[in-house]
Every structure is written in structure tokens, then in C-alpha cells.
Amino acid sequence: MSTETEAAPAPVPPAKEPERRSGLPSWAVQGLVSLSAIVLALLVGAILIIVGDEQVQKAVGYFGAAPMDTVSAALSAVGEAYKSLAVGALGGWTPISESLTQATPLICGGLAVSLAFRTGLFNIGAQGQLIAGAILASYVGFAWHLPPVLHLVLAIVAGLVGGAIWGGVVGLLKARTGAHEVIVTIMLNYVAIYLLAWLLTTKTFQRPGRTDPISPIVDNNAQYPKFGDTRLHLGFVLALVAAVFVWWLLNRSTIGFELRAVGANADASRTAGMSVGRAYVIAMVVAGALAGLAGTQQVLGTDLPLTDGVAASVGFDAITVALLGRGTPLGTVLAGLLFGALNAGGLQMQLITQTPLTLTTVLQAVIVLFVAAPALVRSIFRFLPKERGAGAVLAKGWNG
């Protein structure tokens, strides 16, 4: 008789509940995450408003005696600030037109950054490319005297060429020498800034009779037509056309397929016979032209004379617009509109409630911070649906 005992069966682990994923398309899920990030940013902004409000600080001093006074003061401070922000951005045709005006160069600059992202390049040189485009567009605008339409068209083309050249240098160096585009674009930003500063001291660019760095105003024939009595101009329409062009280029053209393939995996694209260097050059030339278009919108539409502050922070803000837009043309347009509204509404908020204008900059930064951390947003809003690879969107350059 056998003395062997039968071994006990190993315990079966409990079945893991399958992870529920949304049936929504990827862009819809990412859009919900972005909207949630905006809500979180507004909450952070509300906290900052409460902390910095004088009435709230006074009410806190006697919180134990009348706690509802503190709550009322906090709600009033936040409500008035955000109400002023909304009215300043959307409270009538004039505020709306100003929001669209502020958004116009941000959309084109964001498209310049997004297109490079989709090709696997981190283009943080939109500032320099914008300045290069603004220099040439402004020169054609005030130095040449041509008939209507023709003058505007040539000034716009000059701006496109200036930005394309500035961006093309980056693509060429990347393709031929492997130079990192981040380093090159940073350096070219400084080159463009100081080149502009020097040009505005020369007789060619400095306005006659002035000693400060300012150019002559461009001819009326070279200015973007305005819509009514507002600052909104034809450049906004061109920004939307540029977004449609970028969408077509990336999704409906052979070149766009190569750009996206190189951005997804440069080594595999090279093995498949694609020219990675050619893709880099094309992407940066087109991206530079888009930033140059933003430059024309500054000097031919909004800030007519060329000054050393013509680019303001548009080129750098374009990076945050591209991040919030997740590298897609539609997302970039919507992000540009949002940031334009924040910029326009922030002025009204500061005027009425004395809330610092820098709060809008904080809101923009916090929005991008949450967009860059979708896992954090989902941990707060647990009802948000999940989609495959959502957490790696930024790391992969939105090439999904």
C-alpha cells in the first residue's frame, strides 16, 4: 500500500476584475481630461484669490465669532474675480473680439510647436522664428510702397519666408549634424532677439526723428483689414486656415504620413526607406513659417510698429498652447482661444477687482501642469474614462 499523500492543490487567485475602458474615441477622452485640468486650475486660482483678498484676511481675524463672514467674503472675492474675467473675455462683441485678437498669434505659434512635436522635435524656437518673420514683414510693410492687396500679400509672404528660414536652419542642423533642436532653437531665440535690437538702431529700421528702438508704421496697404472698430483683423481668419492646412498636411498628405512616422519611430522609418533628415527639415521649415505668420499678425495687425518687444511672450506661450492642445490642430485652436480669453479677461479682472494680472499666467501654468499629469487628474476625478496609452501621450509626442 502506497504511503504517498496527494499534494493539496495550489490556491486559485481571485479573478481580477477587468479594467473598464471607455468606448469614447481617444480625442474625446483626452478632451475630458483637459477640461478637468481647467476645472482644477480654476480651483487653484480660487484658493490664491482667497488667500490674497484683503476682506477675507480681515474676516479671518474674527473667524471664531462669525465664521460665515469669512465664507461669504471668500465666495464674494472668487465670484467677483471670475465674473470680471468672464465679462472681460466674453461680455459682448468688443471683449470677444479682443479675446480672438489675443488668441490669433497664439494659435499660429502653437501650430508651429505642435507640428514639430508630431515629427519628434521639440521646437521651443517659435519666439525667434516669430521675430524673424516680424522683421521681414515689417520691412516690406514700411519700406515698400505698393498697391492694396499686393502689398499685404508680399508682406505676409516675407514673414513666412523669414520664419521658414529661421526654422529651416534648425532642421538642417538636426538632419546633417545631429545637433539637438532644443539647444539650437534656444540659441537662435537669443540671436533673433539681439538681431532685432541691433536692427532697430540702424537707419534702415529706426523711425526718422526718434532715438528709441521703434520702426516706422507699416503702410495702410500692408495692414491686415480690421473687423469694425475693434482690433480683430484678418489674421485670425488666416490662423484658422493655417490650422486646417496643418490638419490636411498631417492626416491627408504623403509628406504628413512621413512626418508622423518619423515622430513615432525614427529608426523604423529609416529602415522603411524614409528620409528622416528630410522629414526634420520639412517639419521645421513649415513650423518656422507658421511662427513667422504669427509675426506678421503682430506687426501688420496688432502692434503696427516693430519694437524690441514685438514678440512679447507669444513664442513661449505657444509651447503651453501646444501642450494643452495635445499636438492636434483642433486642440491647438481651442487652447489658443482659451489662453486668448484669459489674457483679455485678465485685464478686466485686474481693473475691477484689483486681482493681479499674473493670476491668469498662474492659471495657464497650472492647466498645463495638470494636462501633463493625466494620472493625477484621474486620481482626483475618478469618474473619468480611461483610454489606452493616455498617460504616455506627452512622452510620445502625441503620435497616437
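From a predicted model like this one, the values you see are computed outputs, not experimental measurements. (Residues numbered from 1 in each chain as written. Predicted model: local features only at pLDDT ≥ 70, side-chain atom pairs only at ≥ 80, totals over all residues. Heavy atoms only, no water.)

J.: So what exactly am I meant to see when it comes to the nonpolar core here?
T.: What tends to happen in soluble globular proteins is that the nonpolar side chains get buried as a cluster. Leu115, Leu290, Leu300 and Leu306 are the most contacted members of the largest nonpolar core, which totals 104 residues. Considering each element in turn, this core owes the most residues, 14 residues, to helix α11 (residues 276-302). Both domains that furnish three or more residues to this core are identified here as domain 1 (24-90 + 340-388) and domain 2 (106-324). What leucine 115 contacts, discounting residues up to four positions off in sequence, is Val246, Leu249, Leu250, Leu259, Ala283, Val286, Ala287 and Leu290. (Core = buried A, V, L, I, M, F, W, Y, C linked by side-chain atoms within 4.5 Å. Buried < 20%, exposed > 50% of the residue type's maximum accessible area, 1.4 Å probe, protein only. Helix = DSSP H or I, 4+ residues; strand = E, 2+ residues; numbered from the N terminus. Domains from an automatic or database assignment. Contact = heavy atoms within 4.5 Å.)

J.: Can you walk me through the domain arrangement of the protein in this structure?
T.: Many structure descriptions define interface size as the accessible area lost when the parts assemble. Entries for the protein in the domain assignment read domain 1 (24-90 + 340-388) and domain 2 (106-324). Each of domain 1 and domain 2 has a C-alpha centre, and the two are 32 Å apart. Each partner contributes residues to the interface: domain 1 has six residues there, and domain 2 has four residues. By the criterion of area lost to domain 2, the three top residues of domain 1 are Gln364, Val368 and Val371, representing 60% of everything that side buries. (Buried area = accessible area lost by both parts, 1.4 Å probe.)

J.: Mind showing me how you'd approach the packing of aromatic side chains here?
T.: For any pair of aromatic rings, the description consists of the separation of the ring centres together with the inter-plane angle of the planes. Applying the stated criterion across every chain, the model contains six aromatic pairs. Aromatic pair phenylalanine 142 and phenylalanine 205: ring centres 5.8 Å apart, planes at 80°, arrangement edge-to-face. Of this pair, phenylalanine 142 sits in helix α5 (residues 126-143) while phenylalanine 205 sits in the loop between α7 (181-199) and α8 (235-252), and the two are 63 residues apart along the sequence. The buried category is assigned to phenylalanine 142, whose relative accessible area is 10%. Each ring, one from phenylalanine 381 and one from phenylalanine 383, has its centre 5.7 Å from the other, and the planes form 70°; the classification is edge-to-face. Within the aromatic cluster, the residues linked to one another by ring pairs are Tyr139, Phe142 and Phe205. (Phe/Tyr/Trp six-rings, centres within 6.5 Å; stacked < 30°, edge-to-face > 60°.)

J.: What should I look at first to understand the packing of helix α12 (residues 314-324) against helix α14 (residues 358-371) in this one?
T.: A pair of packed helices is characterised by two quantities: the angle between their axes and the separation of those axes. Packing of α12 against α14 leaves a shortest axis separation of 9 Å and a crossing angle of 40°. Judged on the interaxial angle alone, α14 and α12 are oblique. The two elements α12 and α14 cross, and the hand of that crossing is left-handed. Residue-level inspection shows Thr320, Leu323 and Leu324 of α12 in contact with α14, the latter providing Ile367, Val368 and Val371. Per-class residue counts for the contact of α12 with α14 are five nonpolar, one polar and no charged. (Axes fitted to C-alpha atoms, helices over the stretch in contact; angles between N-to-C directions. Parallel < 35°, antiparallel > 145°, perpendicular 65-115°, else oblique. Left-handed = near helix turned anticlockwise from the far one by under 90°. Nonpolar A, V, L, I, M, F, W, Y, C, P; charged D, E, K, R; others polar.)

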